[in-house]
Amino acid sequence: MSVLRQTPSSTRSVPRLLPLTLMNPSMVAKHTPCTMHLSILPPELACKLFYTMLDLSQSWKRNKWWLFDRVVESPHRTSFYARKTDGVESDNSWQEAAQYWYNGRQTDPPNVFPDVMEEACLYVENMVNKEMQMRPRLPLEWAGRGSEGQSWRANVAASNCYEGTKDSVGFHSDHLTYLGPYPTIASLSLGTTRIFRLREVVPSEEMHSRRAQTFNIPLPHNSLIIMHASTQEKFKHSIPPQSTLDLYRPLFPHPSRLKHPLEPSNCRINITFRFYRPDFRPQSIPRCNCGVPTILRPDMKNRHDGQTDKYWWTCHAGAQHEGKGCSFWQVMDMKAEGRGPTISGVGCNER
């Protein structure tokens, strides 16, 4: 047996890290590239927006796509909204341009921001731009300015409804197709508290020395988590199912039901405000051999210093068309594609 027994490895296995719950904004900022902001909206506005989006969510859809030779359906309802203008240029065709592709199919024309969302958006934009002024900018971030002088403008919003304990979304990083490299995404939570889960994707060259850690962040009503530049390149995030929920009990009655008692809710409304960069307009996205716009992905496993990180365009037609796509793959070249201006000046295209 001493002959058959393998020689013990000289290298110890890398210890697995236990999940860590980040209970307050300082812990979130310490462990992740995100910041958390509580009571971001005036309380009555937060309630009004929750009721508005909850009513609208009755008509939202569950996304469907092909995965491993079968059609799967997202375990939550979602919809997409676009602002009346892109906030950068006076472009009357913005609404048409904002009609984008998702999971290999063209979407319907987007809904316009409801008035109450437009009002809330001003608070979100103010906080995001304030935070961005205090943070170092990364090379391929957009270096332009919004129509009112902002670095970041919320011109689109993906809205999600998680109803009950089972509605969820698995680990993913957001597609960068229209956001470009190093995007900033502001995620507003309304209604019942749900866990927002982050897990780092460890680079290949570091896998032998450390393990990824999972961070759980409880997001209460009227909280904003800003996923700053590099979050989509370094982390994946999810909303996991939960065995129990604390019902949300509104402080203010529904505007159209003032005489009715306040009713608790088991729904979380999530509005992720995003900035569609003018240099990544839908018309500028390369198409694959299937004739479908590609998606932009970061090379998460081989990232380095923020200076030499790579991104590529890849076919995503297989999400529809019975799972059939092509092998199209192309490294993104900011300069050759005429994109910019960027913080580093690489590929700068003055507008």
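Please refer to the structure higher up on the page.
The rules behind the values
Residues numbered from 1 in each chain as written. Predicted model: local features only at pLDDT ≥ 70, side-chain atom pairs only at ≥ 80, totals over all residues. Heavy atoms only, no water. Helix = DSSP H or I, 4+ residues; strand = E, 2+ residues; numbered from the N terminus. Buried < 20%, exposed > 50% of the residue type's maximum accessible area, 1.4 Å probe, protein only. Contact = heavy atoms within 4.5 Å. Areas by Shrake-Rupley, 256 points an atom, 1.4 Å probe, with all protein chains shown as cover. Phe/Tyr/Trp six-rings, centres within 6.5 Å; stacked < 30°, edge-to-face > 60°. Pairing = 2+ DSSP bridges. 1 Å grid on protein atoms, 1.4 Å probe; cavity = no way out; pocket = protein on both sides within 12 Å on 5 of 7 lines; lining within 4 Å. Points joined across faces, edges and corners; volume = space filled by probe spheres on them. Expected span 1.5 Å × (residues − 1). Core = buried A, V, L, I, M, F, W, Y, C linked by side-chain atoms within 4.5 Å. Polar contact = N/O pair within 3.5 Å; in protein donor to acceptor, adjacent residues only side chain to side chain. Disulfide = S-S within 2.5 Å. Axes fitted to C-alpha atoms, helices over the stretch in contact; angles between N-to-C directions.

*Asks:* Help me out: how do you make sense of the overall build of the chain in this one?
*Replies:* On a plain count of helices and strands, the chain comes out with 5 helices and 19 strands. Going through the 351 residues of the chain one by one, you find that 52% of them count as buried. Within the chain, contacts between residues at least 6 apart in sequence are counted, and of these 75% link residues at least 24 apart. When the accessible area of the chain is evaluated, it comes to approximately 17900 Å², of which 51% is carbon and sulfur surface.

*Asks:* So what exactly am I meant to see when it comes to the packing of aromatic side chains here?
*Replies:* Any two aromatic rings considered together are summarised by their centre-to-centre distance and by the angle between their planes. In total, this model carries 10 aromatic pairs according to the counting rule given. Arranged with centres 5.0 Å apart and planes meeting at 75°, the rings of Phe50 and Tyr248 form a pair that is edge-to-face. Linking Phe50 in helix α2 (residues 43-56) with Tyr248 in the loop between β15 (235-239) and β16 (267-274), this pair joins segments that are 198 residues apart in sequence. The same class applies to Phe50 and to Tyr248, which are both buried. Taken together, a centroid distance of 6.2 Å and an interplanar angle of 35° make the contact between Phe80 and Tyr276 tilted. Note that Phe80 is positioned in strand β5 (residues 77-82) and Tyr276 in the loop between β16 and β17 (295-298), a separation of 196 residues in sequence. As far as the burial class goes, Phe80 and Tyr276 line up, both buried.

*Asks:* Would you mind showing me how to read the pairing of strand β9 (residues 156-163) here?
*Replies:* On a regular strand, each side chain points to the face opposite its neighbour's, so the side chains alternate between the two faces of the sheet. Along β9, 7 of the 8 residues are buried, which leaves the element largely enclosed by surrounding structure. Two strands pair when backbone bridges link them, and β9 and β16 are joined in this way by 8 bridges, in the antiparallel orientation. The residue of β16 that forms the bridge with Ser159 is Ile271.

*Asks:* What is the right way to read the environment of Pro282 from this model?
*Replies:* Here Pro282 is to be found in the loop between β16 and β17. Considered as a pair, Pro282 and Tyr178 are 104 residues apart in the sequence and their alpha carbons are 6.7 Å apart.

*Asks:* I keep staring at the side chain of Ser173 and nothing clicks. Help me out?
*Replies:* The residue Ser173 is located in the loop between β10 (169-172) and β11 (185-191) in this model. Not counting chain neighbours up to four residues away, the residues in contact with Ser173 comprise Gln232, Phe235, Lys236, His237 and Met300.

*Asks:* Would you explain empty space enclosed by the protein in this entry?
*Replies:* The gaps of empty space that remain are located by a probe, the size of a water molecule, rolled over the atoms. Here the structure, examined in full by the defined rule, presents 2 cavities of 30 Å³ or more. There is about 120 Å³ of room inside the largest cavity. Considering the residues around the largest cavity, the lining is formed by 13 residues, among which Trp152, Tyr182, Pro183, Thr184 and Phe275 are closest to the centre.

*Asks:* What's the story with helix α4 (residues 115-133) in this structure? I'm lost.
*Replies:* Count 3.6 residues to each turn of an α-helix, and residues three or four apart come out pointing the same way. In this model, α4 (19 residues) spans 28 Å end to end at C-alpha, consistent with the 27 Å of a helix rising 1.5 Å per residue. Along α4, the positions that sit buried rather than exposed are Val116, Met117, Ala120, Cys121, Val124, Glu125, Met127, Val128, Asn129, Glu131 and Met132.

*Asks:* Got a minute to help me understand the nonpolar core in this structure?
*Replies:* As a rule of thumb, soluble globular proteins bury nonpolar side chains together. Among the nonpolar cores identified, the biggest contains 38 residues, and Phe196, Ile217 and Met332 are the most heavily contacted of them. Contributing elements (two or more residues each) for this core: β2 (34-38), β5, β9, β12 (194-200), β13 (214-219), β14 (223-227), β15 and β18 (311-314). Top element by residues in this core is β13. It accounts for 3 residues. The next biggest cluster of nonpolar side chains, apart from the first, holds 37 residues, and it includes Leu45, Val128, Trp142 and Phe273.

*Asks:* Would you mind going over the environment of Asp86 with me for this structure?
*Replies:* Tracing the backbone through its elements, the reader meets Asp86 in the loop between β5 and α3 (94-97). On the basis of relative accessible area, Asp86 is assigned to the buried category, the value being 2%. Separated by 192 residues in the primary sequence, Asp86 and Pro278 place their C-alpha atoms 8.1 Å from one another. Here the side chain of Asp86 touches Val88 through a polar contact of 2.9 Å, landing on its backbone nitrogen.

*Asks:* Help me understand the state of the cysteines, please; the structure alone is not making it clear to me.
*Replies:* Two cysteines joined by a covalent bond between their sulfur atoms form a disulfide. Enumeration over the complete set of coordinates arrives at 0 disulfides. This cysteine, Cys288, is not joined by any disulfide, and Cys315 carries the nearest cysteine sulfur, 3.7 Å off. For Cys288, a relative accessible area of 6% puts it in the buried group. The class of Cys315 is buried, set by a relative accessible area of 13%.

*Asks:* Teacher, can you tell me more about unusual backbone geometry here?
*Replies:* Glycine aside, a negative phi is what most residues show, and trans is what most peptide bonds show. Cis geometry is found at the peptide bond from Gly340 to Pro341, where omega equals 10°. Following the sequence through the fold, Pro341 ends up in the segment after β19 (329-331). Unusually for a residue other than glycine, Asn222 sits at a positive phi of about 65°. By secondary structure assignment, the location of Asn222 is in the loop between β13 and β14.

*Asks:* Whenever I open this one, the sheet that holds β17 confuses me. Can you help?
*Replies:* Strand pairing in a sheet relies on backbone hydrogen bonds, with the paired strands running either antiparallel or parallel. The sheet built from 3 strands is open, its strands ordered β17-β18-β19 with antiparallel pairing. Two strands close off the open sheet at either side, each with one partner strand: β17 and β19. Direction aside, neighbouring strands of the sheet carry axes that sit 30° apart on average. By the bridge criterion, 3 bridges tie β18 to β19 in an arrangement that is antiparallel. Residue pairing across strands places Thr314 opposite Trp329, the latter belonging to β19.

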